[in-house]
Amino acid sequence: MKLKHLFVTACILCFAASAGAQTQYLTTEDFLKKVANYKTNPTTWVYLGDKPCVIDFYTTWCGPCKRLAPIMEELAQEYKGKIYIYKVDTERERELANAFGINSIPTLLFCPKGEAPRMAQGLQPKEQLVEWINTILLKQP
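Since this is a predicted model, take the numbers as computed values, not measurements.

Caption draft 1: Quick peek at the overall build of the protein chain. Within the protein chain one finds 5 helices and 5 strands. In sequence order, the protein chain lays out its α and β elements as α-β-α-β-α-β-α-β-β-α. Counting the 141 residues in the protein chain, one finds 38% classified as buried. Pairs at least 24 residues apart make up 70% of the contacts formed inside the protein chain by residues separated by at least 6 positions. Of the roughly 8400 Å² of accessible surface on the protein chain, 57% is carried by carbon and sulfur atoms.

As structure tokens, this is what we get:
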């Protein structure tokens, strides 16, 4: 009976550890509410989030996007509670992709609080993404 209890406890702990932060998919409507409403503020960037964010503009058929996806999931776990990591499918959300001039994928948009966003294109190594998150979004040296 004791072994069964340990097994159940271990399963619960594993589930709890895997639950939590993950990337969130955004539609154009979500973006306008959670990130920035470029329709009401077409000339001025006004970030709406309560925490900084990274937005991964991708498509489902893109090889580099597929390689970036698990890295973004890891970062969502590692920075849980500090930043948001969003994903935007550029084929489904063409209006949003066009609004930001997304011409190549993956493209990442780093949105700090109180500052203009910064963009990076192409598949980046995790170490580079960590550096950018820490310096651009979290203002750590």
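And the narrative resumes.
Caption draft 2: Here's a closer look at the pairing of strand β2 (residues 53-58). Burial within β2 is extensive, with 6 of its 6 residues counted as buried. Burial of β2 is two-sided: the residues Cys-53, Ile-55 and Phe-57 facing one way and the residues Val-54, Asp-56 and Tyr-58 facing the other way are all buried. As paired elements, β2 and strand β3 (residues 84-89) share 6 bridges and run parallel to each other. In the strand pairing of β3, Asp-56 is matched with Lys-87. Once you follow β2 into helix α3 (residues 63-78) and on to β3, the crossover reads as right-handed. Of the strand pairs in this sheet, β2 and strand β4 (residues 107-111) are connected by 5 bridges, and their pairing is antiparallel. Directly across from Asp-56, in β4, lies its bridge partner Leu-108.

Caption draft 3: Fine view of unusual backbone geometry. Following Ile-105, the chain continues into Pro-106 via a peptide bond in cis, with omega recorded as -5°. Relative to the elements of secondary structure, Pro-106 occurs in the loop between α4 (94-99) and β4. In the Ramachandran plot, Lys-139 falls in the positive-phi region, its phi being about 55° despite a non-glycine side chain. Here Lys-139 is to be found in the segment after α5 (126-137).

Caption draft 4: Representation of the packing of α3 against α5 in the model. Relative to each other, α3 and α5 sit at 40°, their axes nearing to 11 Å. In terms of their interaxial angle, α3 and α5 are classed as oblique. For the element pair α3 and α5, the recorded crossing hand is right-handed. Residues Leu-68, Ile-71, Met-72, Glu-74, Leu-75 and Glu-78 of α3 pack against Lys-126, Leu-129, Val-130 and Ile-133 of α5. Tallied by class, residues from the contact of α3 with α5 come to 7 nonpolar, no polar and 3 charged.

Caption draft 5: Molecular detail of the sheet that holds strand β1 (residues 24-25). A sheet is described by the order of its strands in space; here 5 strands give the open sequence β1-β3-β2-β4-β5, paired in mixed fashion. The strands lining the two open edges of the sheet, one partner per strand, are β1 and β5 (118-121). The sheet strands contacting α5 are β2, β4 and β5, and the helix crosses β4 at an angle near 30°.

About the criteria used
Starting afresh in each chain, residues are numbered from 1 along the sequence in its written order. Totals for whole chains, interfaces and linings use all residues, but because this is a predicted model, local features are given only for residues with pLDDT of at least 70 and pairs of side-chain atoms are given and counted only at 80 or more. The basis for the side-chain values is all heavy atoms of the structure; hydrogens and waters are excluded. Secondary structure elements follow DSSP: runs of H or I no shorter than four residues count as helices, runs of E no shorter than two count as strands, and numbering proceeds from the N terminus. Accessible area is worked out with a 1.4 Å probe on protein chains only. A residue is then buried under 20% of its type maximum, exposed over 50%, and partly exposed in between. Only heavy atoms matter for contacts: two residues are in contact if any of them lie within 4.5 Å across the pair. Per-residue and other accessible areas were derived by the Shrake-Rupley procedure at a 1.4 Å probe size, with only the shown protein chains allowed to occlude residues. For two strands to pair, DSSP has to find at least two bridges joining them. Handedness of a crossover is defined as follows: with both strands directed away from the viewer, a clockwise route from the first strand across the helix to the second makes it right-handed. For every element, the axis is a line fit to its C-alpha atoms; helices are fit only across the contacting stretch, and the angle between N-to-C directions ranges from 0 to 180 degrees. By definition in this entry, angles of less than 35 degrees are roughly parallel, angles greater than 145 are roughly antiparallel, angles of 65 to 115 are roughly perpendicular, and the rest are oblique. Less than a right angle of anticlockwise turn of the near helix away from the far helix marks a crossing as left-handed, whereas a clockwise turn marks it as right-handed. When residues are sorted by character, Ala, Val, Leu, Ile, Met, Phe, Trp, Tyr, Cys and Pro go into the nonpolar class, Asp, Glu, Lys and Arg into the charged class, and all the rest, Gly among them, into the polar class.

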